[in-house]
Amino acid sequence: MPSEEQDILKSAVQEFAQKSLLNNLLKLEREGIDDSMVRALATQGFLGSRIPEKYGGSGIDQSGYLVVLEELATFSPSVSALVMLTSSVFAQLVGDMDPEAVRRVASGEAMASVAFDSILEGNTTVEGLKESGKSMTGERKHILNANPDYLISEAEGSGFLYLIKGGIETKEEDQILSFRGIKLGTARVNCSTYVKLADNGKKRLAEVMDSLDLEISAIALGISRGALQKVIEYTKVRKTFDKPLKDYGPVASTISKLMSEQRVLEMALHNQEIEEEKEKLMIKVLAVDLAKRASKYALQFHGGYGYIEDFGVEKYYRDAMGLSILLQRSRSDNQRLAKEIFGEKSGYL
Amino acid sequence: MDFDFPEDIVIARQKASDFAKKEIKPEDARVYDKQEKFPDDLRKKAFELGIVDYTNPWSMLVTIEELCRADAGMGIAATVSLFGAEVIMLFGSDEQKQKYLGSVQTGKKIMGLAVTESGGGSDVAGIKTTAKREGDKFIVNGSKMFITNGSIADFFVMLVRTSSPDGKRHHGLSTIVVEADLPGFTKNKLSGKLGVRATNTAELILSNVEVPAGNLIGEEGKGFYYIMTFFNISRAYVAAQAIGIAQGALDRILSHLGNLAKSGRSEEITEEIQFLVADIATRVEASRLLTYKAASFLFQFKPNPTLTSMAKAYASETAVFATEKALEITGVSGITGDLERFFRDAKIMEIWEGTSEIEKLIISRNLLKEASEGN
């Protein structure tokens, strides 16, 4: 997508966010993303932005998609994560295996969830969900997006990856650190309609997640930009000892350096000549790290106000950490990067 | 130099640790956190069993550490009901000590310290709340923000402006005791905090609140100095809270890694993780030594603000570092367990009772002053 078109798309996402998201951000964090928001995202074509038009998506190219993810994350990392789960993870895993499911999810008619904690750091073995040949039953913990009509999960024992279509009851888990808009949940499944997506579930999930380096970078950079915009605005008007906070050297230089990193990484992210896996991975590793640091300083410079939800800063701090655990495979990424740098398996000891 | 605590403090630590294991269960901590509910039964029990003993500051220090090691929200809630008492202890009249401190020392009542205002957190001298003398009373007007125990305290030690500054902003400030049930005094509980959600925090609004003149603590116009003296004490206790959080995170990392080893997944404990564990443990130990040194000066009535600020800033940064790394190491199991709460709780340590930035300014200015004086 030419940069002029990227700018137009960016303006469209910002306009949508100003109109539909901005006044609902606190509600969204407290109560989760509701159906009307999902429908609004679908109507605008953002929910299925990367899904091909033949499956009911918008079919925009990757450069445009990254703009959508980054801009949405600037306002709400949860909304951006929902779009990525729908447009990238679910759609890639299902694709031609069940086009109708993809169409329903892209249009906002149905919600999709993917259980991929088994490939993340601190994982446990998949337990509880059993496939008998006729039905899929049991319980699956830690599914991201806790209110789904469709669930993608491995089955215990075989490790096959399935698309489970209905028969899903969910209970929200107590985890309240990150992505409060979509939540983590435990699914109780009793379903006879399901489709096998892959024999080696772990491998397939890892392939898909590892193909999303730039998408995760876009969300990370949205988080850091959202946090930095807030803290720049705040430190201009907030005074201490009769001077605006921005006049104090440690505040100004810290924010300025973080903004410099932000700009350089945004230039890299939107550079359409980046094709090498190594470079994509480098951007991701740095972008996620920046999101954590930028949101931490943004909170710190807000003082006590940063610690309460009303100012909308603490969510970036929570979501940056959640992003690095729930959507990123950081140790695996470090080893992938080391392998790219050294040309062979490295950094595993 | 002896690094061992005397036996009574060792026993106090053990008692606090046993109490925490029995009374601060992870499942309860999750509920209080989620519902933002103050665990008053826990607080009362801690007093009844003698876990909270304000007559012995070393005992309080190690008790705070052990309770926050189990859970910071509940641990702080159980130990903070005398917040601000030192101002009365050090500068109050005998009558005030008898009237106000007796009931809080037995856990029957709760008190709070009201200094911070919406317009200035770090800038204590910039407060706007006024107390005008009218006969035998003060008329108090203004508001206070982020006040611990704000909507549950029976009374507050409050910093107010009693006269215009005479060219120096910190002149003209005084401390008075303001009882919570006075007409014109309203409290709004703050919800939606990132962490320490079991603690109570509120905004206080005072509209023509009449306070007896006898509630003035110490001398009129000396309030700023009293509060700075108090912060020197309270910062050591905040350092203890932070050490508790960091140690709690380390405990859970070691437990997680132990489980990996037991289940045949030792290869996942890479050297990168081992280095992080070593870093966290070293920082926790360094925080402890710094805090105990600062406390040692403090509890012998020879406060050293430089050391206290070093301890508070370093221990707070350690808590944030330890909890962040704990989540990175434990991943999904950490974020779906107690560690996510530790991570949220830790951040306030770098903000309340003096931000890390303020602590660093205190340290530098004291060092520069000492250097210029040739010390």
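Residues numbered from 1 in each chain as written. Chains lettered and ligands numbered in written order. Predicted model: local features only at pLDDT ≥ 70, side-chain atom pairs only at ≥ 80, totals over all residues.

S.K.: Kindly report on the overall build of chain A, identifying the contributing residues and their values.
M.R.: A tally of regular secondary structure across chain A gives 12 helices and 10 strands. Against the globule reference of 20 Å for 349 residues, chain A gives a C-alpha radius of gyration of 20 Å, in line with a compact fold. C-alpha extents for chain A along the principal axes are approximately 70 × 50 × 40 Å. The 349 residues of chain A split such that 51% are buried. Counted over contacts in chain A with a minimum sequence separation of 6, partners at least 24 positions apart contribute 74%. (Helix = DSSP H or I, 4+ residues; strand = E, 2+ residues; numbered from the N terminus. Rg over C-alpha atoms; globule rule 2.2 N^0.38 Å. Buried ≥ 20, exposed ≤ 12 C-beta atoms within 10 Å, placed from the backbone. Contact = placed C-beta atoms within 7 Å.)

S.K.: Just give me the short version of the domain arrangement of chain A, but keep the residues and values in it.
M.R.: All names here are of chain A. In terms of domains, chain A is made up of domain 1 (3-106), domain 2 (112-199) and domain 3 (212-342). A C-alpha centroid distance of 31 Å is found between domain 2 and domain 3. At the junction of the two partners, domain 2 supplies 7 residues and domain 3 supplies 9 residues. Residues belonging to the side of domain 2 that touches domain 3 are distributed by class as follows: 5 nonpolar, 1 polar and 1 charged. (Domains from an automatic or database assignment. Nonpolar A, V, L, I, M, F, W, Y, C, P; charged D, E, K, R; others polar.)

S.K.: Please provide a residue-by-residue account of the packing of helix α11 (residues 314-327) of chain A against helix α10 (residues 305-335) of chain B, values included.
M.R.: Packed helix pairs are characterised by how far apart their axes lie and by the angle those axes make with each other. At a minimum axis separation of 9 Å, α11 of chain A and α10 of chain B run at an interaxial angle of 80°. The angle between the axes of α11 of chain A and α10 of chain B places the two elements in the roughly perpendicular class. Where α11 of chain A abuts α10 of chain B, its residues Met321, Gly322, Ser324, Ile325 and Leu326 of chain A lie against Leu327, Glu328, Gly331, Val332 and Ile335 of chain B. Residues of the contact of α11 of chain A with α10 of chain B, tallied by class, amount to 6 nonpolar, 3 polar and 1 charged. (Axes fitted to C-alpha atoms, helices over the stretch in contact; angles between N-to-C directions. Parallel < 35°, antiparallel > 145°, perpendicular 65-115°, else oblique.)

S.K.: Run through the interface of chain A and chain B, naming residues and quoting values.
M.R.: With 32 residues of chain A at the interface, the matching set in chain B holds 32 residues. Elements with a contribution of two residues or more to the side of chain A that touches chain B: α10 (277-302) and α11 of chain A. Among the elements that line the side of chain A that touches chain B, the one with the most residues is α11 of chain A, at 6 residues. Tallied by class, residues from the side of chain A that touches chain B come to 13 nonpolar, 12 polar and 7 charged.

S.K.: Describe the environment of Ser207 of chain B, listing the residues and the values that go with them.
M.R.: Residue and element names in this part refer to chain B. Tracing the chain through its elements places Ser207 in strand β7 (residues 201-212). Residue Ser207 is classed as partly exposed on the basis of its C-beta count, with 13 C-beta atoms lying within 10 Å. Placed 180 residues apart in sequence, Ser207 and Glu27 show a C-alpha to C-alpha distance of 41 Å. In contact with Ser207, other than residues within four places in its own chain, are Asn141 and Gly184.

S.K.: So what's going on with unusual backbone geometry? Residues and values would help.
M.R.: Although it is not a glycine, Asn145 of chain A sits at a positive phi angle of roughly 85°. Considering the arrangement of structural elements, one finds Asn145 of chain A in the loop between β3 (136-144) and β4 (150-154). Judged by C-beta crowding, with 27 C-beta atoms within 10 Å, Asn145 of chain A ranks as buried. Within the chain, Val196 of chain B stands out as a residue other than glycine whose phi angle is a positive 35°. Counting through the fold element by element, Val196 of chain B comes out in the loop between β6 (185-189) and β7. Taking the number of C-beta atoms within 10 Å as the measure of exposure, Val196 of chain B has 31 and is therefore buried.

S.K.: With reference to specific residues and values, describe the domain arrangement of chain B.
M.R.: Residues and elements named next belong to chain B. Assigned domains of chain B: these are domain 1 (7-79), domain 2 (86-220) and domain 3 (225-372). Centre-to-centre, using C-alpha coordinates, domain 1 lies 26 Å away from domain 2. Of the residues lining the interface, 15 residues belong to domain 1; the matching set on domain 2 comes to 10 residues. Of all the secondary structure elements, the ones that give two or more residues to the side of domain 1 that touches domain 2 are α2 (26-35), α3 (40-48) and α5 (72-79). In terms of residue count, α5 provides more of the side of domain 1 that touches domain 2 than any other element does, 5 residues in total.

S.K.: Got a sec to walk through the environment of Lys339 of chain A? Specific residues and values, please.
M.R.: Residues and elements named next belong to chain A. Take Lys339: it is sitting in helix α12 (residues 330-342). As for Lys339 and Asn24, which are separated by 315 residues in sequence, their C-alpha atoms are 44 Å apart. Lys339 has contacts with Glu344, Lys345 and Ser346, leaving out every residue within four places of it along the chain.

S.K.: If you had to explain the pairing of β4 of chain A to someone new, which residues and values would you point to?
M.R.: Residue and element names in this part refer to chain A. Within β4, 5 of the 5 residues are buried, which leaves it mostly tucked inside the rest of the structure. Summarising the sheet, strand β1 (residues 112-114) and β4 pair through 3 bridges and their orientation is parallel. Following the sheet pairing, Ser113 is matched in β4 by Leu151. Linkage of β4 to strand β5 (residues 161-165), two consecutive antiparallel strands, is achieved through a turn of 6 residues, within which Gly157 is found at a positive phi near 90°. (Pairing = 2+ DSSP bridges.)

S.K.: Kindly report on the pairing of β5 of chain A, identifying the contributing residues and their values.
M.R.: All names here are of chain A. Taken across its 5 residues, β5 has 5 buried, putting it largely inside the fold. Of the two faces of β5, both are covered, the one formed by Leu161, Leu163 and Lys165 as well as the one formed by Tyr162 and Ile164. Of the pairings in the sheet, the one linking β4 to β5 comprises 5 bridges and is antiparallel in character. By the bridge assignment, Glu154 is partnered in β5 with Leu161. As paired elements, β5 and strand β8 (residues 194-198) share 4 bridges and run antiparallel to each other. Bridging from a neighbouring strand, Leu163 pairs with Val195 of β8.

S.K.: Describe helix α1 (residues 3-21) of chain A, listing the residues and the values that go with them.
M.R.: For an α-helix, the turn length of 3.6 residues means that residues three or four places apart are oriented alike. Residues and elements named next belong to chain A. With 19 residues, α1 extends 25 Å between its outermost C-alpha atoms, agreeing within 8% with the 27 Å of an ideal straight helix rising 1.5 Å per residue. Listed as buried for α1 are Leu9, Val13, Phe16 and Leu21. For α1, the arc enclosing every buried residue in end-on projection is 80°, short of the 170-degree limit, so these residues lie on one face. Of the exposed residues in α1, those oriented more than 90 degrees away from the buried face are Ser3, Glu4, Asp7, Ser11, Glu15, Gln18 and Lys19. Lining the buried residues of α1 we find α2 (25-31), α4 (62-75) and α5 (77-94). (Expected span 1.5 Å × (residues − 1). Arc of directions from axis to C-beta.)

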